[in-house]
Amino acid sequence: MPPFSAVNPPHKRALGRTGMDITRVGFGAWAIGGGDWAVGWGDQEDADSIAAIRHAVERGVNWIDTAAAYGLGHSEEVVGRALREMPEAERPFVFTKCGLVWDEAERNALPKRIGRPESIRTEVEASLKRLGVERIDLYQMHWPAEDGTPVEEYWQALQDLKQHGKIRAAGLSNHTPDQLDAAERFGHVDSVQPPFSAIRRGAAEKEIAWSKAHETGVIVYSPMQSGLLTGTFSQERAQSLPGNDWRSRADAFRGEALTANLSIAEAMRPIAERHGTTVPAVAVAWTLTWPGVTGAIVGARRPDQVDGWIDAGRLDLTGGDLRQIAAAIEASGAGSGPVSPI
């Protein structure tokens, strides 16, 4: 068992102006959607998923991030089942997303990026039902729309949902600073959700910088770069990924890119040993050291995986640690973007 327990839970930060104080690590529910869709993570047992969620909450995590598209509704259903088993006073905040619409007849086709207000109104009702909640704490547009709907129009739809009490806060995921500017003119952007890790670092000088200037919360996703920064990934494991795991088709999990990415995880190992923690905790903590980052979304498919990263919410990396990681990033040539917050 790692040294930090629910008695000493992860630190919290205010999520922008929302009034919600969230733990610095949150439970990410992408992988628990299963493998039966275009961007799945392979087969997954729902009982393991629910056990992982419960364990994360027991360890002090106070928010879950999911999306309607994860497993084409299945992830939200699993989260809803986990919530029903918890006393209401112990339930975490629930964050989910809209704007990806799928066809049940073509489950392996990528969902379409739809921004029409009427679609968003239909989607929120479906998410509320699957989750079994009366109000969603943070509702986010998953990706910029590709159906011709301007950002101002779908952002207004989310503002309307907030006014009508369907959601508590509204956010934008995977949007550029220019798109955030356009939305901000119609209503404050409560939170943004960009990808961010020691491998994928571009958000540091883009979305994260924008959010810091606008008092907007930031919850980053894929801080362990989809498993590459766990310290347990390998060339052999990459080659053995099943066909229904999206990573089996991703360039980052092949060839020279994979070698470069894994070298960063190895450079984090001695840092983890110095702190008496794990490589995943160091990888996630690295993202949390950047000014403007409120919290990080971290996935888990089993309870023991939660124990592997929970320390990140309280881990203080030193200047020497950060310089060591920066040197490893530069030596690897992996990814792009700033290599250190100092």
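The notes below deal with the structure included here.

Reading guide: rules and limits
Residues numbered from 1 in each chain as written. Predicted model: local features only at pLDDT ≥ 70, side-chain atom pairs only at ≥ 80, totals over all residues. Heavy atoms only, no water. Phe/Tyr/Trp six-rings, centres within 6.5 Å; stacked < 30°, edge-to-face > 60°. Helix = DSSP H or I, 4+ residues; strand = E, 2+ residues; numbered from the N terminus. Buried < 20%, exposed > 50% of the residue type's maximum accessible area, 1.4 Å probe, protein only. Contact = heavy atoms within 4.5 Å.

## Details of the packing of aromatic side chains
Argument step 1. Under the defined criterion, the tally for this structure stands at 10 aromatic pairs.
Argument step 2. Measuring from ring centre to ring centre gives 5.5 Å for Trp30 and Trp246, while their planes differ by 10°; the resulting arrangement is stacked. Highlighted residues: Trp30 in the loop between β3 (25-28) and α1 (46-58) and Trp246 in the loop between α7 (235-239) and α8 (255-275), separated in sequence by 216 residues. Each member of the pair, Trp30 together with Trp246, is buried.
Argument step 3. An aromatic cluster of three or more residues is present, and its members are Trp30, Trp41, Tyr70, Phe233, Trp246 and Phe253.

## Looking at the side chain of His55
Argument step 1. Note on placement: His55 falls in helix α1.
Argument step 2. His55 has contacts with Pro303, Val306 and Asp307, leaving out every residue within four places of it along the chain.

## Examining the environment of Gly73
Argument step 1. Note that Gly73 resides in the loop between β4 (63-65) and α2 (74-84).
Argument step 2. Linking Gly73 and Glu152, residues 79 residues apart in sequence, is a C-alpha distance of 26 Å.
Argument step 3. Dropping the residues within four chain positions of it, Gly73 is found in contact with Ala68, Trp102 and Arg130.

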